[in-house]
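Spelled out from the first residue to the last, the chains are:
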Amino acid sequence: MEKFGLAQPVRRVEDPRLLRGAGTYTDDIAPPGTAIGVVLRSPHAAARITGIDTAAAKAISGVLAVYTAADLKADGIGSLPCAVSLKNRDGSPQASPPHPVLADGAVHHVGDPVAFIVAENPRLARDAAEAISVDYDILPAITDLATATDAGAALVWPEVKQNVVFDWEIGNKEEADALFAKAAHVTRLTIVNNRIVVASMEARAALAEYDPKSERWTLRTNTQGGWLLKDLLSSAVFKVPAERFRVITPDVGGGFGMKIFLYAEHVLTCYAARKLERPVKWASERSEAFLADTQGRDNITTGELAIDADGKFLALRTRNTANMGAYLSTFAPYIPTVAGTGVLASVYGFQAVYANVIGVFTNTVPVDAYRGAGRPESNYLVERLIDAAARELKIDRIELRRRNMVGPSAMPHTTPVGKVYDSGDFRIVLDAGLKNAEWAGFGARRAEAERRGKRRGIGLSYYLEATGGAPTERAEIRFADDGFVDVFVGTQSTGQGHETAYVQLTVDRLGVPGEKVRIKQGDTDTIPTGGGTGGARSLYSEGQAILVTAATVIEKGKKAAAEALEAAPADIVFEQGRFSIVGTDRGMDILTLAATQRARAAKGEDVTTLDAAEVAEIKAHTFPNGCHIAEVEVDPETGVVTVARYCVTDDVGRAINPLVVRGQVHGGVAQGIGQAMLERTSYDPESGQLLSGSFMDYALPRADDLPDIVVELVEVPCVSNPLGVKGAGEAGAVGSPPAVINAIIDALSGDGVTHIDMPATPEAVWRALGARKAA
């Protein structure tokens, strides 16, 4: 049992299968008779569709169907829903124009789906797509977030004035304004949080089958939880009972938020499968993913920090302009508003926080959650502001943070925006981070770099993440006929290592060998409810569900053991996987008992079996936090930045598997460094074309862009869940962008550079240095 014990660095149990190539992904599946779907997409960012001629495409032998918006409308297919509805500051509802599955009379971004072609093979489908003639009346487009609300800017939707989707606020504005009025110092900063192409290793795909006898669909697709798709497809799109849909999620190669949502291709494959009574599969190509997957971030934010004469933070005010793209994706309005502003107070003792968020339409790919989902954006602003304030006030940046951190004696702490932190010892984590990063020795490392003609800088960020997700989670434990324990879970792994952690929990509670535990996920028929994966919720949500289900198994096991051993239930104890009669050596292990009871039940005997299912109520979310410290070297001649050292000191509560935690943090830091230094999404301002539409033009981080990432854990157990865990899936991406940018600014401070936006590419750094020299 020790191999799978809690807090042990157990190697991931799913890896041997995946590394041997034995995983099964959506595009690997092809039932007999599977037809192939291809989407014809708009080449224009804004245009009216004045005509579509599909005759030549339909005439190609092997082409089974060509569908347009007219076909979907005739069959009563609904639009893609946005699941979030906000109120504006004046109480009016947000703008919510329709999001048709296929463009209906107009296109609003390059890549907007116009037609769906189904053929016997991919080549025929592509040939048919090229044979379709679409007449476009090209319209002016707006792709620049900074100018999208200007007078005279092109309107994405004529009925949405100034392209403003919503004008939302949170916090006490009057209280914040009063604190600003009496502040001894105010720091102001405007920053850009650059747009991100998600680029998961596995592209999106969907395979739909329809059974005309039962009138049921089976949709296999790479999701972060099929229950949301099942509900939205049934209620909003096809308008049928939810029982008519079965969603199966096979192995998934990365999601990062992007695979949570309902997409046009889910609808189109289901629609075509019903029409043709054949399986229909669509699989995205990489270039298509740049135009069809939701993207992330894309905010322009002005922040103001009010500070008193003693260097104590009084209040924070922010105004964030957030790009929604051309349509509202499933959760898009929630990300910069409720999700993002919830962590603006971070770990600091603000008396007031006020945030105004303006959602804006542009003729670009829709924007929705990306790893961290609003929290990285807020943490980036706060940590950049604090460094700027420290420079202006000539206060050490560490001291300024330490002076304003909420202490452990204040827990539980309620922030000005209503979040309740149950636990945290931020100064302890900060001090551990400084020690782990060898902060005190930085001066010597900087001097050595100067001798080589390089500028060396060190940057710090202290992040706070708020996990989120569904308010309940389900687990079911079944003892199978082959002697295994099957644990059915309502979350969905997309590469995080869920199976390993859930095996460890099951072994800890039931005392069974880890090799005998199988984790089952991703089928909405065998798992009736589930909250899916997102917001770093899986371990503390599903973990609680496994705990309560295991407790039920043990209680049922005591009754079953009493039946099998002919004893009173009160005399049965359970220890280390074995039920026994107290004070005797009579007993049996849990697997033997389960098999015995199943066999008796199969013979028709009225006995207690051990299988159980429970739904856990998730009463509180968690607040992982930590200290990121980056060291960079800058070549002043070329602007090239190298990340020389990177150290993370995290409080993720109790670490069930430190090895998996460190792996999650490594991945998040890599994505954060990519955003900070490399990833630039660029649209042509005239045509609206995506200029960074391939990996030739969009730079993802590679191995040689990253240093060894040191991750140390300081465990401050969460008190709002029985496991004491806080969530670790998004933390690396939250703390890394401000740490890297603060380090770059520190490196260039001797040259007079005090600001640079992401991504800090060599050109951007070189230009910033040149501008200071010219000044």
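Notes on the structure follow.

1. Observations regarding the layout of surface pockets
Here the second largest pocket is characterised by a volume of approximately 630 Å³. Forming the boundary of the second largest pocket are 24 residues, of which V192, N194, R680, T681 and S682 lie nearest the centre. Elements that contribute at least two residues to the lining of the second largest pocket include exactly β13 (299-307) and α19 (762-774). Broken down by element, the lining of the second largest pocket gets its largest block of residues, three residues, from α19. Partitioning the lining of the second largest pocket into residue classes produces 10 nonpolar, eight polar and six charged.

2. Observations regarding the pattern of salt bridges
Counted according to the given criterion, the structure contains 54 salt bridges. The partner of E202 in a salt bridge is K259, and the shortest N-O contact between them spans 3.3 Å. One end of the pair, E202, is in the loop between β8 (185-193) and β9 (205-211); the other, K259, is in the loop between β11 (245-248) and α7 (264-276), and 57 residues separate them in sequence. The pair formed by E202 and K259 is uniform in burial state, with each residue classed as buried.

3. Points about the sheet that holds strand β25 (residues 612-617)
Taken together, the four strands give an open sheet; going across it, the order is β21-β20-β19-β25, and neighbouring strands pair in mixed fashion. In the strand order of this sheet, the two ends are held by β21 (517-520) and β25, each with one partner. Going from strand to strand, the sheet's axes swing by 20 degrees on average, the running direction of each strand aside. Against the sheet, helix α15 (residues 538-565) engages β19 (472-479), β20 (485-489) and β25, with an angle of about 40 degrees to β19.

4. Concerning the packing of helix α10 (residues 375-393) against helix α18 (residues 731-748)
Look at α10 against α18: their axes get within 8 Å of each other, and the N-to-C directions meet at 30 degrees. In terms of orientation, α10 lies roughly parallel with respect to α18. Between α10 and α18 the crossing geometry is right-handed. Contacts between α10 and α18 involve R375, P376, N379, Y380, E383, R384, D387 and R391 on the former and, on the latter, A733, V734, P737, P738, I741, N742 and I745. Residues of the contact of α10 with α18, tallied by class, amount to eight nonpolar, two polar and five charged.

5. Examining empty space enclosed by the protein
Under the counting rule described, the total for this entry stands at three cavities of 30 Å³ or more. Taken as a whole, the largest cavity encloses approximately 230 Å³ of empty space. At the level of elements, α7 and α8 (286-292) are the ones that each hand at least two residues to the lining of the largest cavity. Across the lining of the largest cavity, the residue classes break down as 15 nonpolar, six polar and four charged. Elements with a minimum of two residues in the lining of the second largest cavity: β13, β14 (313-325), α9 (335-341), β15 (352-361) and α10. Split by residue class, the lining of the second largest cavity holds five nonpolar, nine polar and one charged.

6. Observations concerning unusual backbone geometry
Excluding glycine, residues mostly carry a negative phi; peptide bonds, for their part, are mostly trans. Of note, the bond from M411 into P412 is cis; its omega dihedral lies within 30 degrees of zero at 0 degrees. Tracing the sequence through the fold places P412 in the loop between α11 (397-404) and β16 (413-414). Cis geometry is found at the peptide bond from M758 to P759, where omega equals -5 degrees. The topology assignment puts P759 in the loop between α18 and α19. With phi around 55 degrees, K239 is a residue other than glycine that occupies positive phi space.

7. Overview of the packing of aromatic side chains
The full count for this structure, using the stated rule, is 15 aromatic pairs. Both rings, one in W217 and one in F245, keep their centres 4.4 Å apart while their planes meet at 5 degrees; by these two values the pair is stacked. Of this pair, W217 sits in strand β10 (residues 216-221) while F245 sits in strand β11, and the two are 28 residues apart along the sequence. Accessibility classification places W217 together with F245 in one group, the buried group.

8. As for the sheet that holds β9
Pairing is mixed across the open sheet formed by seven strands, whose spatial order is β3-β5-β1-β12-β9-β10-β11. Looking at which strands have only one partner, the edges of the open sheet turn out to be β3 (63-67) and β11. The sheet shows a mean angle of 20 degrees between the axes of neighbouring strands, taken without regard to direction. Here strand β1 (residues 35-41) runs beside strand β5 (residues 113-119); their pairing, made up of six bridges, is antiparallel. Its bridge partner being in β5, V38 is matched across the sheet by I117. Of the strands in this sheet, β1, β3 and β5 are in contact with helix α4 (residues 122-131), which crosses β1 at around 30 degrees. Of the strands in this sheet, β1, β3, β5, β9, β10, β11 and β12 (280-283) are in contact with α7, which crosses β9 at around 30 degrees.

9. A look at the environment of G255
On the secondary structure map, G255 appears in the loop between β11 and α7. Here the alpha-carbon distance between G255 and E202, two residues 53 residues apart in the chain, equals 8.4 Å. Those residues in contact with G255 that sit more than four places away from it in its chain are V198, S200, Q224 and T494.

10. Structural notes on the nonpolar core
Nonpolar side chains in soluble globular proteins generally cluster together in the buried interior. Grouped together as the largest cluster of nonpolar side chains are 78 residues, with contacts concentrated most on Y348, F426, Y462, Y646, I741 and I744. Among the elements that line this core, the one with the most residues is α18, at eight residues. Look past the residues within four positions of I744 in its chain and what remains in contact with it is V632, V641, M677, I756 and A760. By size, the runner-up hydrophobic cluster in this structure holds 43 residues, among which are L505, I581, I590 and L723.

11. As for the packing of α15 against helix α16 (residues 590-602)
Look at α15 against α16: their axes get within 10 Å of each other, and the N-to-C directions meet at 70 degrees. What the angle tells us is that α15 and α16 run roughly perpendicular. Where α15 crosses over α16, the two elements pack in a sense that is left-handed. Residues V553, G557, A560, A561, E563 and A564 of α15 form the contact with α16, whose participating residues are I590, L593, Q597 and R600.

12. Quick word on the side chain of T500
Within the fold, T500 resides in helix α14 (residues 498-510). In this structure T500 comes out as buried when scored by relative accessible area, which is 0%. Looking at T500, its side chain comes within polar contact range of the main-chain nitrogen of V13, at 2.9 Å. Beyond its immediate sequence surroundings of up to four residues, T500 is in contact with V10, R11, R12, V13, E14 and N657.

13. Considering helix α5 (residues 173-181)
Turning to α5, its buried residues number three or more, namely A176, L179 and F180. For α5, the arc enclosing every buried residue in end-on projection is 100 degrees, short of the 170-degree limit, so these residues lie on one face. Those residues of α5 that are exposed and aimed more than 90 degrees away from the buried face are E174 and A181. Lining the buried residues of α5 we find β8, β13, β14 and β15. Structurally, the start of α5 carries an N-cap: the backbone nitrogen of E174 is 3.2 Å from a side-chain oxygen of N172.

14. As for the pairing of β12
A regular strand carries its side chains on alternate faces of the sheet. The pairing of β1 with β12 spans two bridges and is parallel. Bridging across to β12, A35 finds its partner in V280. Across four bridges, β9 lies against β12 in antiparallel orientation. Each residue of the ladder has a partner; that of A205, found in β12, is A283.

What counts, and where the lines are drawn
For every chain, the first residue of the written sequence is number 1, and numbering continues from 1 onward in sequence order. For this predicted model, a pLDDT threshold of at least 70 governs which residues receive local features, and a threshold of 80 or more governs which side-chain atom pairs are given and counted, while totals over whole chains, interfaces and linings are taken from all residues. Side-chain numbers here rest on the full set of heavy atoms in the structure, without hydrogens or water. Residues are called lining when one of their atoms sits within 4 Å of a cavity or pocket point, these points coming from a 1 Å grid over the protein atoms alone, where a cavity is a set in which a 1.4 Å probe fits but cannot get out and a pocket is an open set with protein on both sides within 12 Å along at least five of seven lines. Grid points are joined across faces, edges and corners, and a volume is the space filled by probe spheres set on the points. Each helix is a run of DSSP H or I of at least 4 residues and each strand a run of E of at least 2, with the numbering of both proceeding from the N terminus. Here the nonpolar group is Ala, Val, Leu, Ile, Met, Phe, Trp, Tyr, Cys and Pro; Asp, Glu, Lys and Arg are the charged ones; every other residue, Gly included, is treated as polar. Definition used for salt bridges: Asp or Glu carboxyl oxygen within 4 Å of a side-chain nitrogen of Lys or Arg. In this scheme, a residue with accessible area under 20% of its type's maximum is buried, one over 50% is exposed, and one in between is partly exposed, where area comes from a 1.4 Å probe on protein chains only. Between any two strands, pairing holds if DSSP finds at least two bridges. For every element, the axis is a line fit to its C-alpha atoms; helices are fit only across the contacting stretch, and the angle between N-to-C directions ranges from 0 to 180 degrees. We call two residues in contact when some of their heavy atoms are within 4.5 Å. The cut-offs work like this: below 35 degrees is roughly parallel, past 145 is roughly antiparallel, 65 to 115 is roughly perpendicular, and the gaps in between are oblique. Two helices cross in a left-handed way if the nearer one is turned anticlockwise from the farther one by less than a right angle. They cross in a right-handed way if the turn is clockwise. Here the aromatic set is Phe, Tyr and Trp, taking the six-membered ring for Trp, and pairing holds for ring centres within 6.5 Å; pairs whose planes are under 30 degrees apart are stacked, those over 60 apart are edge-to-face, and all others are tilted. The nonpolar core is taken to be a set of buried Ala, Val, Leu, Ile, Met, Phe, Trp, Tyr and Cys residues, with the residues joined through side-chain atoms within 4.5 Å. Polar contact criterion, stated in full: a pair of N or O atoms within 3.5 Å, where within protein one must be able to donate a hydrogen and the other to accept it, and residues adjacent in sequence count only if both atoms are side-chain atoms. This arc corresponds to the set of directions leading from the helix axis out to the C-beta atoms.

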